[in-house]
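A closer look at the structure
Residue strings, one per chain:
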Amino acid sequence: TMKSLDKQGHRGCRGLFPENTIPGFLNAIDLGVTTLEMDAVITKDKQVILSHEPFFNHEISTLPNGKHINEAEEKEFNIYKMKYSEVTRYDVGLKPHPRFPQQQKIKAVKPLLSEVIDAVEIQAKTKQKKPLFYNIETKTQPQTDGVFHPEPKEFVELLMKVILQKKIEARVIIQSFDRRTLQYLHQKYPTIATALLVEDFDEKEFKNQIADLGFLPSIYSPAQELVTQKLIQECHQNNVKLIPWTVNDDKKIKEFIAMGVDGIISDYPNLFD
């Protein structure tokens, strides 16, 4: 029998609804995803909210006065320097997305992780779906510690506080490009599933990346261009799942499933059938 595929909705269902928003996650649940993929950042008042960048990205953001943010100034709208009450004055659902023309336009704000979990848990029960998994990315990197986010230890502790409070720790995966986040998590919360995100191999194949990390993550999550039969085999020999990102092409999804990946992260969860 074919093992069950982990169908991950990327930032909810970014191809269809505004990314990292409650309406997007609820829609992804209706489309039958098994895991909601999302990104976490921290506000000035230490709230964990969902956002792909630690600032208001010009592609999706509208200022409180109704004007659009432009690319030259976007990094000045630093979420780590704003209280959550200020963050909610910015809209991230109405601006037409240049790369996702099918995206439905609705008023939306960057939500608290805790609010997302509450909404998702209710929706899953109401729609009689199995409880969902949460794949949460920590947006940290060494060069912006203290500028756009707390250092990994504080970031992970803030994130874990919400996860433990909401009692979803058995259904959480913490993913990161930043090894430091995963290393701290592995040391302090060893039962939490981890996913190592990989953008390119830069001379470092799977073995070296794992050696750098210092432990085997639950999941190895490479950019789709990196997926080969050999890589899948290497992961499976080490009892690590392979789940590529972000696969938006129907044929490619089928091809990867045939090759034996454990899951797929897609902006278009409507392509999973």
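Structure shown above.
Here's what I pulled together on the structure shown here. Every residue gets a number counted from 1 within its own chain, in the order that chain's sequence is written. Only residues with pLDDT of 70 or above have their local features reported here, since the model is predicted, and side-chain atom pairs are shown and tallied only from 80 upward, although totals for entire chains, interfaces and linings are computed over all residues. Remark: hydrogens and water are excluded; side-chain values derive from all non-hydrogen atoms of the structure.

On to the pairing of strand S4 (residues 133-138), then. Exposure is judged per residue with a 1.4 Å probe applied to protein chains only, and the accessible area is read against the type maximum: over 50% gives exposed, under 20% gives buried, and values in between give partly exposed. Segments assigned H or I by DSSP are reported as helices when at least four residues long, segments assigned E as strands when at least two residues long, and all are numbered from the N terminus. Buried residues dominate S4, accounting for five of its six residues. We treat two strands as partners when DSSP finds at least two bridges between them. The sheet contact formed by strand S2 (residues 35-42) and S4 spans six bridges and is parallel. Paired with glutamate 37 across the two strands is asparagine 135, which belongs to S4. In this structure, S4 lies alongside strand S5 (residues 172-176), joined through four bridges in parallel fashion. Across the sheet, residue isoleucine 136 finds its bridge partner in S5, namely isoleucine 174. The handedness of a crossover follows from its direction of travel: if, with the strands pointing away from the viewer, the path from the first strand over the helix to the second runs clockwise, the crossover is right-handed. Handedness of the crossover is the feature at issue here: the chain leaves S4, passes through helix H4 (residues 152-165), returns alongside S5, and the resulting connection is right-handed.

Glancing now at the packing of helix H1 (residues 22-30) against helix H3 (residues 113-126). In the contact formed by H1 and H3, the axes pass within 10 Å of each other and the chain directions differ by 30 degrees. By the angle between their directions, the pair H1 and H3 is classed as roughly parallel. H1 and H3 meet at a crossing whose hand is right-handed. Within the contact between the two elements, H1 uses Ile22, Phe25, Leu26, Ile29 and Asp30 and H3 uses Glu115, Val116, Ala119, Val120 and Gln123. Grouping the amino acids of the contact of H1 with H3 by side-chain chemistry returns seven nonpolar, one polar and two charged. Axis definition: a line fitted to C-alpha atoms, limited for helices to the stretch in contact. Angles are taken between N-to-C directions and run from 0 to 180 degrees. Working rule for angles: under 35 degrees goes down as roughly parallel, over 145 as roughly antiparallel, 65 to 115 as roughly perpendicular, anything else as oblique. By convention the crossing between two helices is left-handed if the near helix lies anticlockwise of the far one by an angle smaller than a right angle, and right-handed if it lies clockwise. The contact criterion used is simple: two residues touch if any of their non-hydrogen atoms lie within 4.5 Å. The classification used treats Ala, Val, Leu, Ile, Met, Phe, Trp, Tyr, Cys and Pro as nonpolar, Asp, Glu, Lys and Arg as charged, and all other residues, Gly among them, as polar.

This next bit is on the packing of H4 against helix H5 (residues 179-188). Put simply, H4 and H5 touch, their axes get as near as 9 Å, and they point 60 degrees apart. Our classification of the angle between H4 and H5 gives oblique. In this structure, the crossing between H4 and H5 has a hand that is right-handed. Touching Pro152, Lys153, Val156, Glu157 and Met160 of H4 are Arg180, Thr181, Tyr184, Leu185 and Lys188, all from H5. Residue classes in the contact of H4 with H5 are distributed as five nonpolar, one polar and four charged.

Within a regular strand, side chains alternate between the sheet's two faces. Most of strand S6 (residues 193-198) sits out of view: five of its six residues are buried. Examined bridge by bridge, S5 and S6 share four bridges and lie parallel to one another. Within S6, the residue paired with glutamine 175 across the bridge is alanine 195. In this region the chain leaves S5, passes through H5 and returns to the parallel neighbour S6; the handedness of that crossover is right-handed.

Before going further, it helps to spend a moment on unusual backbone geometry. Outside of glycine, negative phi angles account for most residues, and trans bonds account for most peptide bonds. Backbone geometry places asparagine 20, a non-glycine residue, at a positive phi of 55 degrees. Even without glycine at this site, lysine 46 takes up a positive phi of about 65 degrees. Classification of lysine 46 as partly exposed rests on a relative accessible area of 35%.

Here we take up the environment of leucine 226. In this fold, leucine 226 is placed in the loop between strand S7 (219-222) and helix H7 (229-237). We classify leucine 226 as buried; its relative accessible area is 14%. Here the alpha-carbon distance between leucine 226 and valine 198, two residues 28 residues apart in the chain, equals 8.8 Å. Those residues in contact with leucine 226 that lie beyond four places of it in its chain are Val198, Glu199, Asp200, Phe201 and Leu231.

Salt bridges are defined as contacts in which a side-chain nitrogen from Lys or Arg sits within 4 Å of a carboxyl oxygen from Asp or Glu. Under the criterion given, the structure shown has 18 salt bridges. The shortest N-O distance in the salt bridge between glutamate 121 and arginine 171 comes to 2.9 Å. With a gap of 50 residues between them, glutamate 121 in helix H3 and arginine 171 in the loop between H4 and S5 connect regions that are remote in the sequence. For arginine 171, a relative accessible area of 16% puts it in the buried group.

In this section: the side chain of threonine 21. Position of threonine 21 among the secondary structure elements: in the loop between strand S1 (6-9) and H1. Pairing of N or O atoms within 3.5 Å defines a polar contact, subject to two protein rules: one partner must be a possible hydrogen donor and the other a possible acceptor, and residues neighboring in sequence count only if both atoms are side-chain atoms. A distance of 2.8 Å separates a polar atom in the side chain of threonine 21 from the backbone oxygen of proline 18. Among all residues touching threonine 21, those that are not within four sequence positions of it are Val92, Ala108, Val109 and Pro111.

Each aromatic pair joins two rings of Phe, Tyr and Trp (for Trp, the six-membered one) with centres within 6.5 Å, and gets the label stacked for planes under 30 degrees apart, edge-to-face for over 60, and tilted for any other angle. One pass over the full model with this rule turns up six aromatic pairs. Between the aromatic rings of phenylalanine 100 and tyrosine 268, the centroid separation amounts to 6.4 Å while the plane-to-plane angle is 45 degrees, which identifies the pairing as tilted. Within this pair, whereas phenylalanine 100 is found in the loop between helix H2 (84-87) and H3, its partner tyrosine 268 is found in the segment after strand S9 (263-266), the two being separated by 168 residues in sequence. Considered together, phenylalanine 100 and tyrosine 268 belong to a single accessibility category, that of buried residues.

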